[in-house]
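An overview of the molecular structure
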Amino acid sequence: MTTTEMGLVGAKNNDATGIETDHRMQIISILIILGTAVPLILFPEQGKTLLDGLFKWMTSSFDFAFLGIGLAALVFVLWLAASRFGNVKLGDADVAPEFSWPAWGAMVFLAGIASGLMLWAGTEWAYHYAWTPFGIEPRTPQMFTVGQAYGIFHWGPTAWALYCVPAVAMSYIYYVRKKHVYKVSESCRGALGDMVDGPVGQIINYTFIFGILGAAATSLGLGTPMIGGALASVLGIAPNVYLDVAIILSCTVIFSISSGLGMDQGIKRLSYFGSILTLAIIAYVFVAGPTGFIFGLGLDSIGYTLQNYITMSLWTDSVEKSGFPQAWTVFYWAWWVAYAPFMGLFVTRISMGRKVRELIIGMLVFGTAGCTLFYVVLGGYAIDQEINGVLPMVDLVNNDGVAPAIVEMFKTLPMSGLVLVMVAVSGIVMLATTFDSAAYVMACASTKELDEGQEPARSNRLFWCGAIAVLPITLLFLGGLKTMQTAVVLVGLPLMVILVFMMITTVKFLKQDEA
């Protein structure tokens, strides 16, 4: 019987095979989230003021630390891939990879981006065009290239390196050291020792749960305006909160069914469909739009990113204090750090049979190439619309927001009605894929022990599907969604320290086991 077949047997019978759900962890996790969300709902203004102040303090006081951990993570994983440790296999010597490269790459890519990539790829440059880095004069032709380059940078190798650190640490412990628990604390054992078995380990695990559940909920809530705007335009109605709720419920139904089906029958197939649909949209925009201009500007932007990568990675603007790197790069790095343990656990689940080098290079290449493609095509098309006076993208983005702006951009394409339907469906599938993965990972984390190829109990997976859906619907109706996003980003501060522990643990265990 193949590994995949064993996994499917486990998926069908897991409620009856002794797989034990950690109900205590489920309850405490929900209480932590409620303890954060309820005050934000009851005292929205005070909560916003407090968290905005904490966020400003964090990004200004620890900007050097976030920028440093980003570059350190990239250097660390590249060194690991190039070293002799890159040959270490995640699993027994005779075990083949559980998923093919296309399936593995599609799942990694879509789990890490949600629908935010399509939303920001066509609009981020417009913010940078008006608020510039490095003292460049705003609203000048140079900023079309620089603005797009910064977006490529923010979704590029550093972001995916931050995802790689926990993926390598957790995969090694699970498949090589045979410690069959999906606990973030376990990947810190080499640095913290037996402390991970006590309160310190519990704090690490619940911090991860808060980060992923909060991030998933806010992403689900914040991603719906683009989908709702696209559908409202096609239906000829005004966007409204009830349409947003219907979208969230649709996503919930899709990822609940997918999560219930398991990894091979659910998440893998949903990822395939989502990848094909989104690539079809990108290809259509590239062909129907100003192909030559998109290609040329894309090369200019990639070239600028490569030429200035170190400067962009370490720039704090300590002299002029424009606040640009804190508001953008530090925010992005904090968001990726908050998401990183989730990606680490998810990539661990799908990476049995791969080498450490394959995992690292695969994540960096699939992730960076996919995000760059989105930014080059959608950003290039939007910039062309601005330059030629077809659509005032800069004003739309800065005055109305990214969701209305991206919908207006798609409306300028030939057969825009069909395109908007595809965008809406793609957005729903991308969100569903990400949160299907999130629910699956949280189910793994709240299972006491899972052997290789086994899946958490279906009831456990469906519990987390519901938990992800309830929070954004509540915040949509009662307020506090953006404030919750700020709260999640603040989790990046302690998780940044946890990433350092993971790097120490990885090197320590690799050297111990080699000896």
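Residues numbered from 1 in each chain as written. Predicted model: local features only at pLDDT ≥ 70, side-chain atom pairs only at ≥ 80, totals over all residues. Heavy atoms only, no water.

1. Some words on the overall build of the protein chain
What counts here: Numbering of helices and strands starts at the N terminus; helices are DSSP runs of H or I of at least 4 residues and strands are runs of E of at least 2. The globule rule is 2.2 Å times the number of residues to the power 0.38, and the radius of gyration it is compared with is taken over C-alpha atoms. Partly exposed describes any residue whose relative accessible area lies between the buried limit of under 20% and the exposed limit of over 50%, with all areas from a 1.4 Å probe on protein chains only and scaled to the type maximum. It only takes one pair of heavy atoms within 4.5 Å for two residues to be counted as in contact. Surface accessibility follows the Shrake-Rupley procedure with a 1.4 Å probe radius. Residue values consider only the protein chains on display as shielding. In this tally, Lys and Arg are treated as positive and Asp and Glu as negative; His is ignored, and so are the chain termini. By convention, charge coordinates are those of NZ in Lys, CZ in Arg, CG in Asp, or CD in Glu.
Secondary structure assignment for the protein chain yields 23 helices and zero strands. Taking 2.2 N^0.38 as the reference for a compact globule, 515 residues should give roughly 24 Å; the C-alpha atoms of the protein chain span a radius of gyration of 22 Å, in line with that estimate. Seen through its C-alpha atoms, the protein chain measures out along the principal axes to roughly 65 × 50 × 50 Å. Expressed as a percentage of the 515 residues in the protein chain, the buried residues total 60%. Restricting to contacts in the protein chain with at least 6 residues of sequence separation, those with at least 24 account for 85%. Counting only carbon and sulfur atoms, one obtains 66% of the accessible surface of the protein chain, whose full area is about 18700 Å². Here the protein chain holds 26 positive side-chain charges and 33 negative ones, and the gap between their average locations is 6 Å.

2. Comments concerning the packing of aromatic side chains
We describe a pair of aromatic rings using the distance from one ring centre to the other and the angle between the two ring planes. We apply this condition: What counts as a ring pair is set by centres within 6.5 Å for rings of Phe, Tyr and Trp (its six-membered ring), and what kind of pair is set by the plane angle: stacked under 30 degrees, edge-to-face over 60, tilted for all other angles. Any Lys NZ or Arg CZ found within 6 Å of a ring centre and within 35 degrees of that ring's normal is scored as a charge over the ring.
All told, the structure shown has 37 aromatic pairs when counted by the stated rule. Considering the side-chain rings of Phe109 and Trp160, the 6.4 Å spacing of their centres and the 20 degrees angle between planes classify their relative orientation as stacked. With Phe109 in helix 5 (residues 101–113) and Trp160 in helix 9 (residues 157–176), this pair connects stretches of sequence that are 51 residues apart. For Trp160, a relative accessible area of 2% puts it in the buried group. For Arg177, the ring lying beneath its charged end belongs to Phe509, and the centroid distance is 3.7 Å. The ring of Trp101 has Arg354 lying over it, and the distance from NZ or CZ to the ring centre is 4.1 Å.

3. Observations concerning the packing of helix 19 (residues 402–411) against helix 20 (residues 416–445)
Convention followed: To get an axis, a line is fitted to the C-alpha atoms, and for a helix only the part in contact is used. The angle between two axes follows their N-to-C directions and goes from 0 to 180 degrees. For this classification, under 35 degrees means roughly parallel, over 145 means roughly antiparallel, 65 to 115 means roughly perpendicular, and everything else is oblique. Under the scheme applied, nonpolar residues are Ala, Val, Leu, Ile, Met, Phe, Trp, Tyr, Cys and Pro; charged residues are Asp, Glu, Lys and Arg; polar residues are all the others, including Gly.
Look at helix 19 against helix 20: their axes get within 8 Å of each other, and the N-to-C directions meet at 140 degrees. Compared by their axis directions, helix 19 and helix 20 come out oblique. Where helix 19 approaches helix 20, its residues Val407, Phe410 and Lys411 are matched on the opposing element by Ser416, Val419, Leu420 and Val423. Counted by class, the contact of helix 19 with helix 20 contains five nonpolar, one polar and one charged residues.

4. Some details on helix 16 (residues 324–350)
Keep this limit in mind: What a helix should span is 1.5 Å times the count of its residues minus one. Note on bend: at a given residue it equals the angle between the axes fitted to the 7 residues ending there and to the 7 starting there.
Its 27 residues place the ends of helix 16 37 Å apart at the C-alpha level, agreeing with the 39 Å of an ideal helix rising 1.5 Å per residue. A maximum bend of about 40 degrees is found in helix 16 at Ala340, where proline Pro341 lies one to four positions downstream. The element helix 16 is largely enclosed, with a buried count of 25 among its 27 residues.

5. Quick word on the pattern of salt bridges
Formally: Salt bridges are counted wherever a side-chain nitrogen of Lys or Arg sits within 4 Å of a carboxyl oxygen of Asp or Glu.
Summed over all chains, the structure comprises 10 salt bridges. Through salt bridges with shared partners, one network takes in Glu186, Arg189, Asp194 and Asp197.

6. Considering helix 2 (residues 23–42)
Taking 1.5 Å as the rise per residue, helix 2 with 20 residues should run 28 Å; its terminal C-alpha atoms sit 28 Å apart, in good agreement. Of all the residues in helix 2, the buried ones are Met25, Gln26, Ser29, Ile33, Ala37, Leu40 and Ile41.

By themselves, these figures tell us nothing about what the structure is for.
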